[in-house]
Protein chains: 4
Amino acid sequence: MSGGAELRVTVWNEFRHERTNPAAAAVYPEGIHEAIAGPLRTLYGHEVRTATLDEPEHGLTDDVLERTDVLIWWGHLAHDEVNDTIVEKVQARVLSGMGLIVLHSGHYSKIFKKLMGTSCALKWREADETERLWVVDPSHPIAAGIGEYIELEREEMYGEHFDVPPPDDLVFVSWFEGGEVFRSGCVYRRGAGRVFYFRPGHETYPTYFHPGVQRVIANAVRWCGASRGAAPTYGNAKPLSPIRARG
Amino acid sequence: MSGGAELRVTVWNEFRHERTNPAAAAVYPEGIHEAIAGPLRTLYGHEVRTATLDEPEHGLTDDVLERTDVLIWWGHLAHDEVNDTIVEKVQARVLSGMGLIVLHSGHYSKIFKKLMGTSCALKWREADETERLWVVDPSHPIAAGIGEYIELEREEMYGEHFDVPPPDDLVFVSWFEGGEVFRSGCVYRRGAGRVFYFRPGHETYPTYFHPGVQRVIANAVRWCGASRGAAPTYGNAKPLSPIRARG
Amino acid sequence: MSGGAELRVTVWNEFRHERTNPAAAAVYPEGIHEAIAGPLRTLYGHEVRTATLDEPEHGLTDDVLERTDVLIWWGHLAHDEVNDTIVEKVQARVLSGMGLIVLHSGHYSKIFKKLMGTSCALKWREADETERLWVVDPSHPIAAGIGEYIELEREEMYGEHFDVPPPDDLVFVSWFEGGEVFRSGCVYRRGAGRVFYFRPGHETYPTYFHPGVQRVIANAVRWCGASRGAAPTYGNAKPLSPIRARG
Amino acid sequence: MSGGAELRVTVWNEFRHERTNPAAAAVYPEGIHEAIAGPLRTLYGHEVRTATLDEPEHGLTDDVLERTDVLIWWGHLAHDEVNDTIVEKVQARVLSGMGLIVLHSGHYSKIFKKLMGTSCALKWREADETERLWVVDPSHPIAAGIGEYIELEREEMYGEHFDVPPPDDLVFVSWFEGGEVFRSGCVYRRGAGRVFYFRPGHETYPTYFHPGVQRVIANAVRWCGASRGAAPTYGNAKPLSPIRARG
């Protein structure tokens, strides 16, 4: 799809906090997935569906995956309940070109750990503290329209060391009031697909209603979903140029 | 500018070979710059102007630079004749967000060496040999629509070691019939701008009429010219969070 | 361990070809593992043990892994027979600082795929053709003492696209007589550990007796086994700086 | 030189603050260069000389440069007084393999800007505030022995955006009390040489007496000075493999 066109986006949410934790339900009464999907539909014109853990096949059927240009992932309490077969299908789709945006506590999801190859561990703290996400790569389309930083008055802290591979592009670095830093906007290339990890989004804060956060997610959808090189082929290959006979 | 929109492109060419070397004039009677500009205008709808060394200010006045989203650079015989003040203006524009595409022998241009910080030296040979540019990053928009490789039946050889910084994205690696390899499609981020070096284009071969080469240049124009983060500010800064008084 | 000191190296080999394929047995009568281990012991003074698939726990007990600074991996026919629990232990040791060198057909081993997160697929051909491995990063210690390239008169071809993440350092790129290129020396950081993939080494060619290949492996052992930063901690963290009370 | 051996280090200092500013003289009575050189001599056994701006050729004669494995650079007030010819010689030595460590306000030195190709601009503030340098790459030898972070009770603030190319390795990210972050330990490969930028070291704070800071500089000396690949050759090259005749 060309950069300016509508993309087909699927927002996946575990959708447990909002049904069990009144503090989360108060902030996201329709679920975090709907808060994320809304502006992608109304402000950016994408074709957005949602999918959640407790649907059959977690809402990620072969058909849905096939017709998804960019998948967004939010999970926290129930990473282990995600079926391994579905995880493998999502990985295969990423490698064949689907974009993947992993949010906040999704750092510990099966799909993110599988694509990273590391533990994806980090430090954390819930202390109602300020986070400031600084743009460290102003050449990056994911930072378009953001200004120099995004300030979130209250967020959960995530701190280094974040056990992920060095990002292919590092777009944001977070400052936390309590003294830590975090690589909070990380781009990875995996096969023909692109992955963006974006840190903010604790379930009891209204982070996904923040216009700057919405803009970053929209930028990432466009960037992860842009058209790219044709599918490579693998396996046994005939020579393209002559090989001289050996004695 | 959004990815799908027209961009303002300036194609700069030294324009000496085509006026002094009959072999080059036979291939590019209107100059290499017109061969490059043509498909960007007619196939991709960009607003394209050209500029050449022997024009006043090399055709790169402040006004032209200010109204250029992406600058394309071809030079070879007369790198030293390019005025240092113009080079500094081009560098400043790149750092503030203009895209720059450097072609072939432009590896030794003042502007490329200035942005790289290295000698940009390489091996070379003119021997009518085959080049095959392999896509090594199929996730990259610069490779969109290319397939697995571009084959050029006759080209000048450029070989490693190519003395440039490790590219931020490596999109193409070339194979040469005579035994060398070359990192032939290299992306760099510099300030708010993006730079793409693309190897092919010797003046006596019809390389810039090859549809695959034209497509790569068009992809690179769109990619280097896409919108990005707001301009950062520099210098003395007031604190954003309180600093406790020291005893 | 400091760069100049002896390291504890374990060379792991599937050790099947050499016992079933006369052509492989003729080249490596004591097994590929012994051919690799020899110069690391005699020329470089490391403390080297070997381990093979058919030993209990594949020779990779907790005790062996704990006392290994750098693990070298060669496998081809029986990747699927490697026990998943052992693979997870090896991954955990890499993340906590053990070096890992993966050779040739080890690109499809469980441990390499797990650390990369991609399919690790490639093109291949057995056609007795020349490979030339060019140094593309002369600043890298893994290329120390190598000159500009290593030429192997006969090798199996591996061609792009190689479905791995973009390497953190790209040290070698191979040219193949039949027309392909390949990123043949790739460095990755994973957790506190470092991984080096090195392409050459088909079982029916005397590749591991080539002094240049031996030197690269020895360089990689030193580089992957060098001392590094202390182990990070993860999990819930107290603030290091004061967080102001909210209203 | 092998990783464990003595290296020949030259510590270059502008040496103006310490002779004109009593606050700097009180902290560094023998000059910042001697404070840096001391532990490299006594704790790490390197052969260390010093050189300063007001010496003939700034103390950087051809002979000194030729016999320097790693050059350390501190400057601030008088970047413009550094002779361009000397800067070009230093650049050439880096490209041919000398290590370069640029400290603190050296971000605006001619040599650093020349090697980076960018403005190297940043935000700054003198406000007696705490800096905490977090290790973000625990696999990196430059972080060996450091633990999770270095805390400096009082330092000058440097804040993002730092206008440098994306580092080849990012080792440290700083947190500042007043609300900013900074990529404070950045590795670059340039030609056959390696460059490390390390942020701390304002002239009125005793930063270079901090054991953690001393350890990082010593690690960087070893890392930038380690042996590496042979010198590449450039220019016209004969074919290594046969090129078929064209009709």
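Note that the structure is predicted; figures quoted are calculated from it, not measured.

## Brief notes about the overall build of chain A
Counting its secondary structure elements, chain A contains 7 helices and 10 strands. A globule of 247 residues ought to have a C-alpha radius of gyration of about 18 Å, and chain A, at 19 Å, matches this closely. By its C-alpha atoms, chain A is 75 × 40 × 35 Å across when sized along the principal axes. Expressed as a percentage of the 247 residues in chain A, the buried residues total 66%. Once the 26 positive and 34 negative side-chain charges of chain A are each reduced to a mean point, those two points are 10 Å apart.

## Quick look at the relation of the copies chain C and chain D
By a simple turn and slide, chain C fits onto chain D: the slide is 0.0 Å along the axis, the RMSD is 0.0 Å, and the turn is 180°. The transformation relating the two chain copies, once decomposed into turn and shift, fits a two-fold axis. Taken together, the interface assignments show that 100% of the residues at the interface of chain C recur at the interface of chain D, consistent with an identical surface on both copies.

## Brief notes about the layout of surface pockets
In this structure, the largest pocket spans a volume of roughly 940 Å³. Residue lining of the largest pocket: 37 residues in total, with Lys113, Lys114 and Gly117 of chain A together with Gln91 and Lys114 of chain C positioned closest to the centre. Secondary structure elements with two or more residues in the lining of the largest pocket: helix 5 (84-95) and helix 6 (110-116) of chain A together with helix 5 (84-95) and helix 6 (110-116) of chain C. Tallying contributions element by element places helix 5 of chain C first for the lining of the largest pocket, with 6 residues. Class assignment of the residues belonging to the lining of the largest pocket gives a composition of 12 nonpolar, 12 polar and 13 charged. Here the second largest pocket defines a volume of roughly 790 Å³. Counting residues per element, the ones that place at least two in the lining of the second largest pocket are helix 5 (84-95) and helix 6 (110-116) of chain B together with helix 5 (84-95) and helix 6 (110-116) of chain D. The element that contributes the greatest number of residues to the lining of the second largest pocket is helix 5 of chain B, accounting for 5 residues.

## Quick word on the interface of chain A and chain C
Each side of the interface is counted separately: chain A has 47 residues, and chain C has 47 residues. Summing the contributions of chain A and of chain C, the shared interface buries around 3600 Å²; its carbon and sulfur component is 50%. Summed over the three residues of chain A that lose the most area to chain C, namely Glu177, Tyr234 and Arg246 of chain A, the buried surface amounts to 17% of that side. A salt bridge links glutamate 177 of chain C to arginine 244 of chain A; the shortest N-O distance between them is 3.3 Å. Inspection of the chain A/chain C interface yields 26 residue pairs in polar contact (both at pLDDT 80 or more). Listing elements by their share of the side of chain A that touches chain C, those giving two or more residues are helix 5, helix 6, strand 5 (123-135), strand 6 (149-159), strand 8 (181-190) and strand 10 (235-236) of chain A. When residues in the side of chain A that touches chain C are grouped by element, the largest group, 7 residues, is from strand 5 of chain A. Residues belonging to the side of chain A that touches chain C are distributed by class as follows: 17 nonpolar, 14 polar and 16 charged. Alignment of strand 5 of chain A against strand 10 (residues 235-236) of chain C, held across 2 bridges, turns out to be parallel. Bridged to tryptophan 124 of chain A within strand 10 of chain C is asparagine 236 of chain C.

## Let's talk about the interface of chain C and chain D
In this assembly, 29 residues from chain C lie in contact with 29 residues from chain D. Together, the buried faces of chain C and chain D total about 2400 Å²; carbon and sulfur atoms form 53% of this surface. Put simply, chain C and chain D have 4 salt bridges between them. Linking aspartate 169 of chain D and arginine 189 of chain C is a salt bridge whose minimum nitrogen-to-oxygen distance equals 3.4 Å. If you look at where chain C meets chain D, you find 9 residue pairs in polar contact (both at pLDDT 80 or more). Counting residues per element, the ones that place at least two in the side of chain C that touches chain D are strand 5 (123-135), strand 7 (169-176) and strand 9 (193-198) of chain C.

## Observations concerning the environment of histidine 107 of chain B
Residues and elements named next belong to chain B. Considering the arrangement of structural elements, one finds histidine 107 in the loop between strand 4 (99-103) and helix 6. The exposure class of histidine 107 is buried, given its relative accessible area of 4%. Taking the C-alpha atoms as reference, histidine 107 lies 9.2 Å from valine 164; in sequence the two are 57 residues apart. Discounting chain neighbours no more than four positions away, the residues touching histidine 107 are Val102, Phe112, Lys113, Cys120, Leu122, Tyr158, Phe162 and Tyr197.

## Considerations on the relation of the copies chain A and chain C
With an RMSD of 0.0 Å, the operation that places chain A on chain C is a rotation of 180° combined with a shift of 0.0 Å along the axis. Looking at chain A, 100% of its interface residues are interface residues in chain C too, so the copies touch through the same face.

## Side note on helix 3 (residues 32-42) of chain D
Taken together, the buried positions of helix 3 of chain D are occupied by Ile32, His33, Ala35, Ile36, Ala37, Pro39 and Leu40 of chain D. On its buried face, helix 3 of chain D is in contact with strand 1 (8-13), helix 1 (17-20), strand 2 (47-52), strand 3 (70-74), strand 4 (99-103) and helix 7 (211-225) of chain D.

## Observations regarding the packing of aromatic side chains
To describe a pair of aromatic rings, you give the distance between the ring centres and the angle between the ring planes. For the coordinates displayed, the defined rule picks out 42 aromatic pairs over all chains. The ring of tryptophan 223 of chain A is capped by arginine 194 of chain A, whose NZ or CZ atom sits 4.2 Å from the centre of that ring. Over the ring of tyrosine 158 of chain C we find arginine 199 of chain C, and its NZ or CZ is 4.8 Å from the ring centre.

## So, the pattern of salt bridges
Under the criterion given, the structure shown has 84 salt bridges over all chains. Between arginine 190 of chain B and aspartate 168 of chain B there is a salt bridge, with its nearest N and O atoms 4.0 Å apart. Here arginine 190 of chain B is found in strand 8 (residues 181-190), whereas its partner aspartate 168 of chain B is found in the loop between strand 6 (149-159) and strand 7 (169-176), with 22 residues between them in sequence. Grouping residues by exposure puts arginine 190 of chain B and aspartate 168 of chain B together as buried. The partner of arginine 132 of chain D in a salt bridge is glutamate 151 of chain D, and the shortest N-O contact between them spans 3.1 Å. Here glutamate 151 of chain D lies in strand 6 (residues 149-159) and arginine 132 of chain D lies in strand 5 (residues 123-135), a separation of 19 residues in the sequence.

## Examining the environment of histidine 58 of chain A
All names here are of chain A. Tracing the chain through its elements places histidine 58 in the loop between strand 2 (47-52) and helix 4 (62-66). Through-space distance from the C-alpha of histidine 58 to that of glutamate 81 is 9.8 Å; in sequence the pair is 23 residues apart. In contact with histidine 58, not counting residues within four places along its chain, are Trp12, Ala51, Thr52, Leu53, Glu81, Val82, Asn83 and Ile86.

Thresholds, definitions, all that
- Residues numbered from 1 in each chain as written.
- Chains lettered and ligands numbered in written order.
- Predicted model: local features only at pLDDT ≥ 70, side-chain atom pairs only at ≥ 80, totals over all residues.
- Heavy atoms only, no water.
- Helix = DSSP H or I, 4+ residues; strand = E, 2+ residues; numbered from the N terminus.
- Rg over C-alpha atoms; globule rule 2.2 N^0.38 Å.
- Buried < 20%, exposed > 50% of the residue type's maximum accessible area, 1.4 Å probe, protein only.
- Lys, Arg positive; Asp, Glu negative; His and termini not counted.
- Charge placed at Lys NZ, Arg CZ, Asp CG, Glu CD.
- Least-squares fit on C-alpha atoms with pLDDT ≥ 70 in both.
- Contact = heavy atoms within 4.5 Å.
- 1 Å grid on protein atoms, 1.4 Å probe; cavity = no way out; pocket = protein on both sides within 12 Å on 5 of 7 lines; lining within 4 Å.
- Points joined across faces, edges and corners; volume = space filled by probe spheres on them.
- Nonpolar A, V, L, I, M, F, W, Y, C, P; charged D, E, K, R; others polar.
- Buried area = accessible area lost by both parts, 1.4 Å probe.
- Salt bridge = Lys/Arg side-chain N within 4 Å of Asp/Glu carboxyl O.
- Polar contact = N/O pair within 3.5 Å; in protein donor to acceptor, adjacent residues only side chain to side chain.
- Pairing = 2+ DSSP bridges.
- Phe/Tyr/Trp six-rings, centres within 6.5 Å; stacked < 30°, edge-to-face > 60°.
- Lys NZ or Arg CZ within 6 Å of the ring centre and 35° of its normal.

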